[in-house]
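# A structural walkthrough
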Amino acid sequence: MIYESVEYPSACEACGAVTECSGAQVLLDDGLRWDVASSCPGCGQAFIACGRADIPADLRDRLLTEHGPTRLEIVDRSANSALLMKALRAELAGGLHQAKEMLQRVRAGGHTGTLPEVELLARRLCEAGIQARAGRP
Ligand SMILES: [Zn+2]
């Protein structure tokens, strides 16, 4: 299983005591999941949240800070740009302009994200016939 997790202190919303939060992002067969959980040692209030691609920005930042960014590497440097572009567009569900920018970033080795995010993208590219992998910069 591909995942990244982080633990961090936070203030309990109910009583203000310091609670230990844990957050994680996981790559499952059908895509990304995230979750955050904490339970207060002071008042016992428990908090849990989870979702799919909609990871909260603060959790994503914590993961990137804790583990460092992962970089998407195209193994086959001669990979067909049209094929790569098509795969990126499918993944982005975005416009041509966005996909072009991303293509340039990917080609230059400058596309980074959390390990589960980049691993997912690498898998999708492999499915599209482009040899790619997630690597540490
Ligand atoms: Zn509390």
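Everything below is about the structure printed above this text.
Basis of the calculations
- Residues numbered from 1 in each chain as written.
- Predicted model: local features only at pLDDT ≥ 70, side-chain atom pairs only at ≥ 80, totals over all residues.
- Heavy atoms only, no water.
- 1 Å grid on protein atoms, 1.4 Å probe; cavity = no way out; pocket = protein on both sides within 12 Å on 5 of 7 lines; lining within 4 Å.
- Points joined across faces, edges and corners; volume = space filled by probe spheres on them.
- Helix = DSSP H or I, 4+ residues; strand = E, 2+ residues; numbered from the N terminus.
- Nonpolar A, V, L, I, M, F, W, Y, C, P; charged D, E, K, R; others polar.
- Domains from an automatic or database assignment.

All right, on to the layout of surface pockets then. Over the atoms, a rolling probe the size of a water molecule traces out where space has been left empty. Looking at the largest pocket, its volume works out to about 310 Å³. Around the largest pocket sit 16 residues that line it, and Ser-10, Glu-13, Cys-21, Ser-38 and Phe-47 are the ones nearest its centre. Where the lining of the largest pocket is concerned, the elements lending two or more residues are strand S1 (2-11), strand S2 (18-28), strand S3 (31-39), strand S4 (46-51) and helix H1 (57-67). Residue composition of the lining of the largest pocket, grouped by class: 10 nonpolar, 4 polar and 2 charged. For the second largest pocket, the full set of lining residues is Asp-30, Gly-31, Leu-32, Ala-53, Glu-91, Leu-92, Gln-98, Met-102, His-111, Glu-117, Leu-120 and Leu-121. Among the elements of the structure, S3, helix H2 (81-92), helix H3 (96-107) and helix H4 (115-127) are those that each provide at least two residues to the lining of the second largest pocket. A breakdown of the residues in the lining of the second largest pocket according to their chemical character gives 6 nonpolar, 3 polar and 3 charged. Of the residues that make up the lining of the second largest pocket, three or more belong to each of domain 1 (2-67) and domain 2 (70-135).

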